[in-house]
Amino acid sequence: MITVQDLHKSFGDNEVLKGINCEVEEKEVVCVIGPSGSGKSTFLRCLNLLEDITSGDVIVDGYNLKDRTTDINMIRTEVGMVFQQFNLFPHKTVIENVMLAPRKVRKISVQEARERGEALLEKVGLAEKADQYPAQLSGGQQQRVAIARALAMEPKLMLFDEPTSALDPELVGEVLEVMKQLAKEGMTMVVVTHEMGFAREVADRVLFMDEGIIMEENTPEVIFTNPNSERTKNFLNKVL
Amino acid sequence: MFNFSRVIEFLPQLGTGLYYTLLISVVGLLIGFILGAIFGLGRISKNKFYSIISSVYVEVIRGTPVLVQAMWIFFALPIITKYNMDSITAGIVVIAINSGAYIAEIVRGAVDSIDKGQMEAGRSLGLNKHQTMRYIIWPQAFKRMIPPLGNQFIISIKDTSLLSVILVPELMFQGRYIASNHFIALEIYTTVAIFYLVINFSLSLLLRYTERRLKY
Ligand SMILES: Nc1ncnc2c1ncn2[C@@H]1O[C@H](COP(=O)(O)OP(=O)(O)OP(=O)(O)O)[C@@H](O)[C@H]1O
Ligand SMILES: [Mg+2]
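Quick notes on the rules
Along each chain, numbering runs from 1 in the same order as the chain's sequence is written. Each chain takes a letter, starting from A, and each ligand takes a number, starting from 1, following the order in which they are written. Per-residue local features of the predicted model are confined to residues with pLDDT of at least 70, and side-chain atom pairs are confined, for both listing and counting, to 80 or more; whole-chain, interface and lining totals are unaffected and use all residues. Think of the side-chain values as coming from all heavy atoms in the structure, minus any hydrogens and water. UniProt positions are given in the numbering used here, feature names are shortened, and annotations may be inferred rather than shown by experiment. The helix and strand labels rest on DSSP assignments: H or I over at least four residues marks a helix, E over at least two residues marks a strand, and numbering proceeds from the N terminus. Three labels apply to residues, based on accessible area from a 1.4 Å probe with only protein chains included: buried if under 20% of the type maximum, exposed if over 50%, partly exposed otherwise in between. Whether two residues touch is decided by their heavy atoms; if any such pair falls within 4.5 Å, the residues are in contact. The accessible surface values rely on the Shrake-Rupley method and a 1.4 Å probe; as for residues, cover is taken only from the protein chains in view. Counted as positive: Lys and Arg. Counted as negative: Asp and Glu, with His and the chain ends omitted from the count. Charged groups are reduced to one reference atom each: NZ for lysine, CZ for arginine, CG for aspartic acid, CD for glutamic acid. When DSSP finds two or more bridges between a pair of strands, those strands are recorded as paired. Lines are fitted to the C-alpha atoms to define the axes, a helix being fitted only along its stretch in contact, and any angle between axes, read from their N-to-C directions, falls within 0 to 180 degrees. Note on terms: buried area is the combined drop in 1.4 Å-probe accessible area of two parts once they are placed together, counting the loss on both. Whenever Lys or Arg places a side-chain nitrogen within 4 Å of a carboxyl oxygen from Asp or Glu, that contact is recorded as a salt bridge. Side-chain atoms alone can form a polar contact between residues adjacent in sequence; in general such a contact is a pair of N or O atoms within 3.5 Å, and within protein one must be able to donate a hydrogen while the other accepts it. Polarity classes work like this: nonpolar for Ala, Val, Leu, Ile, Met, Phe, Trp, Tyr, Cys and Pro, charged for Asp, Glu, Lys and Arg, and polar for all others, with Gly in that last group. Near, as used in this document, describes a residue that has one of its heavy atoms within 4 Å of the molecule or strand being considered. On a range of 0 to 100, pLDDT expresses the predictor's confidence in each residue.

- Taking an unreviewed UniProt entry as the reference, chain B is identified by name as Glutamine ABC transporter permease belonging to Oceanobacillus neutriphilus.
- UniProt, in its Sequence similarities (unreviewed entry) section for chain B, records the words "Belongs to the binding-protein-dependent transport system permease family. HisMQ subfamily."
- In its Subcellular location (unreviewed entry) section, the UniProt entry covering chain B states "Cell membrane".

- The name given to chain A in an unreviewed UniProt entry is Peptide ABC transporter ATP-binding protein, with Oceanobacillus neutriphilus as the source organism.
- The heading Subcellular location (unreviewed entry) in the UniProt record of chain A holds the text "Cell membrane".

Next comes the structure, spelled out in structure tokens:
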């Protein structure tokens, strides 16, 4: 589903990604962990070209993002993204948030978009909030709407950038539940997270990033019980 | 001293003046808004040419008085273009380009103030840049523009009174004509002032209502 080869990314003189290689298979759930500033968000954002790539190759669903012939808007419809700050559209109701992209990009009818939207809100447990505005919702509810909004495009792959980091602790669980459900249904997911419990339970593979490279890549069992790298060990000691 | 009964007989002329004031304000500000949107977005565009042109326009207009702009467009420009604009068209042009520059700054500020996560959320859903602007950024920016736009509209409406110098038969022009020919300056200028006040106050109320009706 995703192949990343020798990905480098610099902001000016600041090289943030220093040669990333990795593969994500279909239906796989990959969690990315690592210290703040290690480039996790940047890496994730390169996967749907929210950041342009300095060098290297990112191949998503068979399309090389660097090719001029690749239609990036088309790729993005296949790649859902969930942000730390939710980024819901505050001027639109919950259901309108979910319906917008399918209507304007997929050009489906209002009727169909609404039905699909309502089904997705049902799925994330927010059917009764359809006509409210985002500001009227709690953080956890907003993030679930954001997930529904991304799912409305029927993506093949979902990217999550610390989806629970902006939430009060008591609201984290409801968002993780929705994500677990998605994983169970076979969604391909790349999740940047500080929720080690989630990574341990749900991930097929965990990537530990440090200073712009993937220091270690392993199953959660190995990473959390017996990591190969000293750096991974130190990091986990600090956060667990 | 105050003899308002004499104003009554000049009401038709003042009405004509009011008509031109409103005509020039409405058409001028409509075009000004379009110019403001075009050049405001220009100032935040990554396209160098577009952004430089936009900056030059804004700086030139902001850096010169309306009165000079009016005189220049009506008396100086025809020397270059060999085309004489009638005064009403010239008046509309003056209000349009003048308000356009200030509105460009309002548009730029409002669009800039929208969190960049909004653009990213739109783009990540597969909307192109234009669609994201249209459905996501612009409606939010527009709400933030309403108070400063209202302010600019009021300034521009008052600026139309300067157009009497290029012979636009607007409210102030009529007032001046009547006052000097019939020696009733006090009554006429008071009436003219009230007319402007009523226009601008109604506009204020309308804008406040519009802003409240936008629910988000
Ligand atoms: N748009 C940008 N311009 C310049 N530098 C940036 C930009 N975005 C990120 N950086 C820099 O890149 C580095 C990596 O940032 P990134 O956000 O990818 O880290 P992260 O691992 O996601 O950290 P965190 O856990 O705090 O979210 C940081 O040093 C940051 O300052
Ligand atoms: Mg981050």
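What follows picks up the thread again.
1. As for the overall build of chain B
Stage number 1. Looking only at helices and strands, chain B features nine helices and zero strands.
Stage number 2. If you list the helices and strands of chain B from N to C, you get α-α-α-α-α-α-α-α-α.
Stage number 3. In terms of overall dimensions, chain B has a C-alpha envelope of 70 × 45 × 20 Å along the principal axes.
Stage number 4. The buried share of chain B, reckoned over its 216 residues, is 47%.
Stage number 5. The long-range share in chain B, meaning contacts at least 24 apart out of those at least 6 apart in sequence, stands at 74%.
Stage number 6. Summed over all atoms, the accessible surface of chain B reaches about 11200 Å², with 69% contributed by carbon and sulfur.
Stage number 7. Counting 19 positive and 11 negative side-chain charges, chain B places the averaged centre of each group 9 Å from the other.

2. So, the sheet that holds strand β3 (residues 29-33) of chain A
Residue and element names in this part refer to chain A.
Stage number 1. Taken in spatial order, the six strands of this open sheet run β6-β7-β8-β3-β9-β10, and their pairing is mixed. Looking along the sheet, the strands with just one partner apiece sit at the ends: β6 (79-82) and β10 (213-218). Mean inter-strand twist for the sheet, computed between neighbouring axes without regard to direction, equals 20 degrees.
Stage number 2. Note that β3 and strand β9 (residues 205-210) share four bridges and pair parallel. Bridging from a neighbouring strand, Ile-33 pairs with Phe-208 of β9.
Stage number 3. Against the sheet, helix α6 (residues 169-184) touches β3, β7 (157-161) and β8 (188-192), its axis set at about 145 degrees to β8.

3. What about the interface of chain A and chain B?
Stage number 1. Contacts between the two partners involve 24 residues from chain A and, on the opposite side, 19 residues from chain B.
Stage number 2. Both faces considered, chain A and chain B share a buried interface measuring about 1800 Å² in area, 62% of it formed by carbon and sulfur atoms.
Stage number 3. Summed over the shared surface of chain A and chain B, the number is one salt bridge.
Stage number 4. Note that Glu-120 of chain B is salt-bridged to Arg-45 of chain A, the shortest N-O span being 2.7 Å.
Stage number 5. In this assembly, chain A and chain B are joined by seven residue pairs in polar contact (both at pLDDT 80 or more).
Stage number 6. Where the side of chain A that touches chain B is concerned, the elements lending two or more residues are α2 (72-78), β6, α3 (94-104) and α5 (139-151) of chain A.
Stage number 7. Here the residues of the side of chain A that touches chain B sort into 13 nonpolar, five polar and six charged.

4. Topic: the site of ligand 1
All names here are of chain A.
Stage number 1. Surrounding ligand 1, one finds Phe-11, Val-16, Pro-35, Ser-36, Gly-37, Ser-38, Gly-39, Lys-40, Ser-41, Thr-42, Glu-162 and His-194.
Stage number 2. Note that an oxygen atom of ligand 1 is positioned 2.8 Å from one of the side-chain N or O atoms of Lys-40.
Stage number 3. Glu-162 has a polar side-chain atom sitting 3.2 Å from an oxygen atom of ligand 1.
Stage number 4. In the complex, 60% of the free accessible area of ligand 1, which totals 630 Å², lies under the protein chains.
Stage number 5. By residue number, the principal contributor to the shell around ligand 1 is helix α1 (residues 40-46), which donates three residues.

5. Structural notes on the confidence of the model for chain B
Stage number 1. Averaged over all residues, the pLDDT of chain B is 94; the fraction at 70 or higher stands at 99%.
Stage number 2. Here the prediction assigns the complex a pTM of 0.87, and the interface score ipTM is 0.92.

6. Side note on the sheet that holds strand β2 (residues 14-24) of chain A
Residue and element names in this part refer to chain A.
Stage number 1. Strand order in this open sheet of four strands is β2-β1-β4-β5, and the pairing throughout is antiparallel. Since the sheet does not close on itself, it has two edges, and those belong to β2 and β5 (63-64), each with one partner.
Stage number 2. Where strand β1 (residues 2-11) meets β2, eight bridges bridge the pair, whose relative direction is antiparallel. Each residue of the ladder has a partner; that of Phe-11, found in β2, is Asn-14.

7. With respect to the pairing of β1 of chain A
All names here are of chain A.
Stage number 1. Counting the residues that bridge the hairpin from β1 to β2 gives two residues, and of these Gly-12 lies at a positive phi of roughly 60 degrees.
Stage number 2. Two elements, β1 and strand β4 (residues 55-60), share five bridges in a ladder whose sense is antiparallel. Looking at β4, one finds that Gln-5 is bridged to Asp-57.

8. Focus on the UniProt feature "transmembrane region" (unreviewed entry) in chain B
Stage number 1. Residues annotated by UniProt as "transmembrane region" (unreviewed entry) correspond here to residues 20-42, 63-81, 87-107, 149-168 and 188-207 of chain B.
Stage number 2. Overall, residues 87-107 of chain B shows 100% helix and 0% strand. The separation of its end C-alpha atoms is 29 Å.

9. Things to note about the UniProt feature "domain: ABC transporter" (unreviewed entry) in chain A
Stage number 1. Under the present numbering, the feature "domain: ABC transporter" (unreviewed entry) in UniProt falls on residues 2-236 of chain A.
Stage number 2. From the first C-alpha to the last, residues 2-236 of chain A spans 27 Å; its make-up is 37% helix and 26% strand.

10. Things to note about unusual backbone geometry
All names here are of chain A.
Stage number 1. Backbone geometry at Asp-6 places phi at a positive 45 degrees, although glycine is not the residue there.
Stage number 2. Of note in the backbone geometry, Asn-87 takes a positive phi value of approximately 55 degrees without being a glycine.
Stage number 3. With respect to the element layout, Asn-87 can be found in the loop between β6 and α3.
Stage number 4. Since its relative accessible area comes to 8%, Asn-87 is described here as buried.

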